[in-house]
Amino acid sequence: MNLHQEKIFEIMIQIDKLCRKYDIKYSLLGGTMLGAYRHKGFIPWDDDADIGIPDYQYDYFLEVAYKELPEPFIIRDIKLEKDIPYNFAHVENKNTTCIEQRKSGTGYVGGIYVEIFPLHGCPNNKMLRWIFYYKIKLLKKFMYTLTLDKNSKKRGFLKNSIIEISRRFLNLNFITQKIRKEIKRKKIDSCDYYCNLLGKWEEKETFKKDMFSFRNVYEFEGYSFFGVSEPIKYLTQMYGKDFMIPPSKEKMKYMEHPHLILDLDLSYKNYKSEKN
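Treat the numbers as computed from the prediction; the structure is a model and nothing was measured.

> Explain the pattern of salt bridges to me, please; I cannot follow it from the model alone.
Within the structure shown, the criterion is met by 16 salt bridges. Asp16 is the partner of Arg20 in a salt bridge, and the nearest nitrogen-oxygen pair spans 2.8 Å. Here Arg20 and its partner Asp16 are both found in helix H1 (residues 3-21), four residues apart, which amounts to about one turn of the helix. A residue is classified by how much of its surface remains accessible, and Arg20, at 42% relative accessible area, is partly exposed. You can call Asp16 buried: its relative accessible area is 1%. Notably, a salt bridge pairs Glu81 with Arg76, separated by 3.0 Å at the nearest N-O pair. For Glu81, a relative accessible area of 26% corresponds to the partly exposed category. On the accessibility criterion, Arg76 (6% relative accessible area) is buried. Through salt bridges with shared partners, a single ionic network connects Asp55, Asp59, Lys79 and Lys184.

So this is what it looks like as structure tokens:
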């Protein structure tokens, strides 16, 4: 582990302890699940961690995390504060500063984090499921328009103009709350699938419910975390049949989250005070 990953790992342990204490189900997701299976820990170049909690326990997790996470950890979510530039929760380390380029357009400042996604239901009917996917993806595009860095020279005048006009008519808090409401419409009890449409891979993260039994344990940096029931099937759907082969160095560059500021020793609140 590098120093950044050590900070992430500390957060993961706190989440696991809290979930075990309150019998909240969870699973490692995405690249974190791939790391557990392929590396028994972090993918060497990875700079975040993803965890999924079933939607029916998601609000409960937010509640207990808000009350019981020890210092310096904090839960951040659209239900707890305004102007959050994403529609899923973060558990962050308050004693660090992490500002990503992809969220720089909002002025949001936070710490090193672990992403907590709600695993939600989706329609059993294929056509209705496609409509559901499209609706969520459209709302996410609106949201991302509001979080992009302003006036990037890489985008050019036309795209920057469209983004600037969109900012005048769209409200970040309204869009993030709208997305959360839409995914909660489909109750898991009436669905055959778990989805994570808020994640990067969107419809690829749709699996039969038995993929998440929340009982399978995986070693991760010498610690035990819960993961998916059928790792080969899960990782093949997510990353293709060659998921055990690490990507080329060229592809690795596109898998990182570029940081404008990354400070492992500076509290993000102190950073904000210094900027002001």
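From this point, the narrative continues.
> Explanation requested: the sheet that holds strand E4 (residues 89-93) in the structure shown.
Sheet strands pair by backbone hydrogen bonding; their relative direction is either parallel or antiparallel. The mixed open sheet is built from five strands, whose spatial order is E1-E2-E6-E4-E3. At either margin of the open sheet sits one strand with a lone partner, and together these are strand E1 (27-28) and strand E3 (73-76). Judged from the four bridges that link them, E4 and strand E6 (residues 113-119) form a sheet pairing that is antiparallel. Its bridge partner being in E6, Glu92 is matched across the sheet by Tyr113. Packed on one face of the sheet, H1 meets E1, strand E2 (50-54), E3, E4 and E6 and runs near 40° to E6.

> Would you mind showing me how to read helix H2 (residues 30-38) here?
Since the α-helix turns once every 3.6 residues, residues separated by three or four places project in the same direction. Taking burial as the measure, the nine residues of H2 include eight buried ones, the bulk of the element. Those residues of H2 lying buried are Gly30, Gly31, Thr32, Met33, Leu34, Gly35, Ala36 and Arg38. Contacts from the buried residues of H2 go to H1, E1, E2, strand E9 (216-220), strand E10 (223-227) and helix H7 (231-239). Downstream of H2 by a residue or two, Lys40 has a phi angle that is positive, lying close to 55°.

> Just to check I follow, could you spell out the side chain of Thr206 for this structure?
For Thr206, the location among the structural elements is in strand E8 (residues 206-208). If we skip the residues at most four places from it in the chain, Thr206 touches Cys122, Arg129, Tyr133, Tyr193, Tyr194, Cys195 and Gln237.

> Sorry, what's going on with the packing of aromatic side chains here?
A ring pair, where both rings are aromatic, is described by two values, the distance of the centres and the angle of the planes. Counted according to the given criterion, the structure contains 20 aromatic pairs. Members of the aromatic cluster, joined through ring pairs, are Phe9, Phe42, Phe220, Tyr223 and Phe225. Above the ring of Tyr193, the side-chain terminus of Arg129 is found at 4.4 Å from the ring centroid.

> What is the right way to look at the packing of H2 against H7 in this model?
Packed helix pairs are characterised by how far apart their axes lie and by the angle those axes make with each other. Viewed as axis vectors pointing N to C, H2 and H7 meet at an angle of 130°, and their least axial separation amounts to 11 Å. The pairing of H2 with H7 is recorded here as oblique in orientation. Both H2 and H7 take part in a crossing whose hand is left-handed. Together, Gly30, Gly31, Met33, Leu34 and Tyr37 of H2 and Pro231, Ile232, Tyr234, Leu235, Met238 and Tyr239 of H7 make up the contact between the two elements. Residue classes in the contact of H2 with H7 are distributed as nine nonpolar, two polar and no charged.

Rules used in this analysis
Residues numbered from 1 in each chain as written. Predicted model: local features only at pLDDT ≥ 70, side-chain atom pairs only at ≥ 80, totals over all residues. Heavy atoms only, no water. Salt bridge = Lys/Arg side-chain N within 4 Å of Asp/Glu carboxyl O. Helix = DSSP H or I, 4+ residues; strand = E, 2+ residues; numbered from the N terminus. Buried < 20%, exposed > 50% of the residue type's maximum accessible area, 1.4 Å probe, protein only. Pairing = 2+ DSSP bridges. Contact = heavy atoms within 4.5 Å. Axes fitted to C-alpha atoms, helices over the stretch in contact; angles between N-to-C directions. Phe/Tyr/Trp six-rings, centres within 6.5 Å; stacked < 30°, edge-to-face > 60°. Lys NZ or Arg CZ within 6 Å of the ring centre and 35° of its normal. Parallel < 35°, antiparallel > 145°, perpendicular 65-115°, else oblique. Left-handed = near helix turned anticlockwise from the far one by under 90°. Nonpolar A, V, L, I, M, F, W, Y, C, P; charged D, E, K, R; others polar.

Taken by themselves, the reported measurements are silent on function.
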